[in-house]
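What the coordinates show
Below are the chains, spelled out letter by letter.
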Amino acid sequence: MAAISQERLTQTSRRFDPVSIFGAVRRVSALGVEIDDRLSVLTIGDRVAIETNAGCLSAEIVSAEDGFALALPFGSLNGVARGAPALFLNDGAHIAPSPAWLGRVIDGLGRPVDGKGPLPNGSLMRSLKSRPPPAALRARQGGPIDFGVKALDVFTPARIGQRLGIFSGAGIGKSALLGMIARHTQSDVSIIALIGERGREVREFLEDHLGPDGLARSIVVVATSDEPAMLRREAAFLALTLSEHFRDDGAHVLCLMDSLTRVAQAQREIGLAAGEPPTAKGYTPSVFSLLPALIERAGPGPDDGKAGAVSAVFSVLVEGDDHDEPIADAARATLDGHIVLDRRIAERGRLPAVDILRSVSRAMPGALDDGNAALVREVKLLASSYEDMREMVRIGAYRAGSDAQLDRAIAIHDELEEFLNQSINDGVPADDAFAGLAAILAKGELQ
């Protein structure tokens, strides 16, 4: 008989445990529900089911004290009364994903929200709060990823298993860029988490950015801005769990999360409700432990020759266009690279508004050959020279011939801007992008 893991035995015993433990609601507030726990069996992360006049409300324990615990709900607290029974599930959240989930839209608890009927369960139960493989036992990053977006493939080239961030203020086009990546990147499976966004943007993303072909190989997890903080955070855990499931089956998974900032804001609400002290900009300490815990779950799988990899792109909404605010700073320190969108570039009409001088890929040395790497260095040098003298050139104070390098920079500037401009529906292979950039540089040498 094949050996059965201790984890599987524990999951099975919990599902068929004949003993049920109940508590009672002792207090209801806008922040959550206090539940009597005289047996001291509840721990942080456990689930409870609270009886309401509209059915059962699922909640999670976020703090436990002597004789009671605080639970935050995954739904509305309307109908929850003092004395209501609370069933102690005494178990964290688990799901059983299946390839049949591809093409579906689900909420943060794994429930379908697309009107296409129930989701079939797979054979393996997975915890939503699993840990990544040990660092020393993980595989290394794989070959280059072709995003189909010229500005990214050339100036922030990525490798399979890399984690990138898109840092952007509001209204600069981060969601559109994520849509381009979702539509044009070659991967086996895409897991897309839309967290804390406007409700109207969900249909727009699915139909305008992702499209039917992109949706067919994707699972989209949705938790809009009006959902409880627990559900928004749970959507992030669910997206990473789904990514790990397909990664362990050997697939290359593209995980997109929009946005990491909204997850941090949800955790801030949870932390404050649990009694954590606010720190930088009101964010609680648990926020800064949650971010690396989420990000580290993406990446290559175990180095066992069977697992695939999760390549991840997280959007980071920088408040007030301040790229040094606490969440942006913490995310940038953890990610393997950052793509910066600039409002001034977007106002000039060039989209995606990627600032090629401020964007960095830490995997760039392993993603480009020597020829392409030299090409990128030369173009960035010229672009930097132009940016330093932009105002002088604009007002006509620069005299041609004074600086040979700046003359070349001026000669290629307009064509470089046109090269970086790309429609959301047009995917460009990386090889074609490098060929186009080389042609621009060669033309600049002749002028």
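Residues numbered from 1 in each chain as written. Predicted model: local features only at pLDDT ≥ 70, side-chain atom pairs only at ≥ 80, totals over all residues. Heavy atoms only, no water.

Turning next to the overall build of the chain. Secondary structure assignment for the chain yields 14 helices and 17 strands. Against the 2.2 N^0.38 benchmark of 22 Å for 447 residues, the chain shows a C-alpha radius of gyration of 25 Å, consistent with a compact globule. Across its three principal axes, the chain shows a C-alpha extent of roughly 85 × 50 × 40 Å. Burial status across the chain gives 52% buried among its 447 residues. Sequence-distant contacts, at least 24 apart, represent 72% of the contacts inside the chain between residues at least 6 apart. Per element, the accessible surface of the chain, about 20,100 Å² overall, is 52% carbon and sulfur. Positive and negative charge centroids in the chain, built from 47 and 60 side chains respectively, lie 2 Å apart. (Helix = DSSP H or I, 4+ residues; strand = E, 2+ residues; numbered from the N terminus. Rg over C-alpha atoms; globule rule 2.2 N^0.38 Å. Buried < 20%, exposed > 50% of the residue type's maximum accessible area, 1.4 Å probe, protein only. Contact = heavy atoms within 4.5 Å. Areas by Shrake-Rupley, 256 points an atom, 1.4 Å probe, with all protein chains shown as cover. Lys, Arg positive; Asp, Glu negative; His and termini not counted. Charge placed at Lys NZ, Arg CZ, Asp CG, Glu CD.)

We now examine the pairing of strand β15 (residues 309-317). In terms of burial, β15 is largely enclosed, as nine of its nine residues are buried. By the alternation rule, side chains of β15 split into A309, S311, V313, S315 and L317 and V310, A312, F314 and V316, which are all buried. Where strand β10 (residues 163-168) meets β15, six bridges bridge the pair, whose relative direction is parallel. Pairing of R163 across the sheet is with A312, part of β15. Summarising the sheet, strand β13 (residues 252-258) and β15 pair through six bridges and their orientation is parallel. Its bridge partner lying in β15, C255 is registered against A312. Sheet analysis places strand β14 (residues 299-300) next to β15, joined by two bridges and oriented antiparallel. (Pairing = 2+ DSSP bridges.)

With that settled, the discussion passes to the pattern of salt bridges. Scanning the model with the defined rule gives 32 salt bridges in all. The salt bridge partner of K129 is E60, with a shortest N-O separation of 2.6 Å. Linking K129 in the loop between β9 (126-127) and α2 (150-155) with E60 in strand β4 (residues 55-65), this pair joins segments that are 69 residues apart in sequence. The class of E60 is buried, set by a relative accessible area of 2%. (Salt bridge = Lys/Arg side-chain N within 4 Å of Asp/Glu carboxyl O.)

An order of β1-β2-β5-β4-β3-β6 is seen for the six strands of this closed barrel, with the pairing classed as antiparallel. This sheet shows a mean twist of 40 degrees between the axes of neighbouring strands, independent of strand direction. Note that strand β3 (residues 47-52) and β4 share six bridges and pair antiparallel. Opposite E51, over in β4, you have C56 as the bridge partner. Of the strands in this sheet, β3, β4 and β5 (68-73) touch helix α5 (residues 229-248), which is tilted by about 85 degrees from β4. (Axes fitted to C-alpha atoms, helices over the stretch in contact; angles between N-to-C directions.)

Soluble, globular proteins show a tendency: their nonpolar side chains are buried together. F147, L177, I181 and V220 are the most contacted members of the largest nonpolar core, which has 57 residues in total. Top contributing element to this core by residue count: helix α11 (residues 370-388), with seven residues. Discounting chain neighbours no more than four positions away, the residues touching F147 are L152, D153, A158, L164, M180, I181, H184, T185 and V313. I95, I106, L242 and L290 belong to the second-largest nonpolar core, a separate cluster that totals 45 residues. (Core = buried A, V, L, I, M, F, W, Y, C linked by side-chain atoms within 4.5 Å.)

Bringing the side chain of S98 into the picture now. Checked against the element boundaries, S98 lands in the loop between β7 (94-95) and β8 (104-106). The exposure class of S98 is buried, given its relative accessible area of 11%. Contact partners of S98, with chain neighbours within four places excluded, come to P120, N121, G122 and F246.

Quick look at α11 now. The end-to-end C-alpha separation of α11 is 27 Å, in line with the 27 Å expected for 19 residues at 1.5 Å each. Within α11, the full set of buried residues consists of A373, L375, V376, V379, L382, A383, S385 and Y386. A distance of 3.2 Å separates the backbone nitrogen of G371 from a side-chain oxygen at the start of α11, and that oxygen is part of D369. (Expected span 1.5 Å × (residues − 1). Polar contact = N/O pair within 3.5 Å; in protein donor to acceptor, adjacent residues only side chain to side chain.)

If you trace the backbone, I50 turns up in strand β3. A sequence separation of 177 residues divides I50 from E227, and the C-alpha atoms of the two residues are 18 Å apart. Not counting chain neighbours up to four residues away, the residues in contact with I50 comprise V25, V33, I35, G55, C56, L57, A59, V80, P85 and A86.

Turning our attention to the pairing of β5. Of all six residues in β5, six are buried, a share of seventy percent or more. Burial along β5 is two-sided: the residues F68, L70 and L72 and A69, A71 and P73 are all buried. Inspection of the sheet shows strand β2 (residues 33-36) paired to β5 by four bridges, in the antiparallel sense. Note on β5: the bridge partner recorded for E34 is L70. Between β4 and β5, which pair antiparallel and follow one another directly, the connecting turn spans two residues, one of which, G67, has a positive phi of 90 degrees.

On to unusual backbone geometry. Looking along the chain, the bond that leaves D258 and enters S259 is cis, with omega of 10 degrees. P352 follows L351 through a cis peptide bond whose omega is -5 degrees. The topology assignment puts P352 in the loop between α9 (343-347) and β17 (360-361). Positive phi outside glycine occurs at K281, with the angle close to 55 degrees. By the element assignment, K281 lies in the loop between α6 (260-273) and α7 (285-295).

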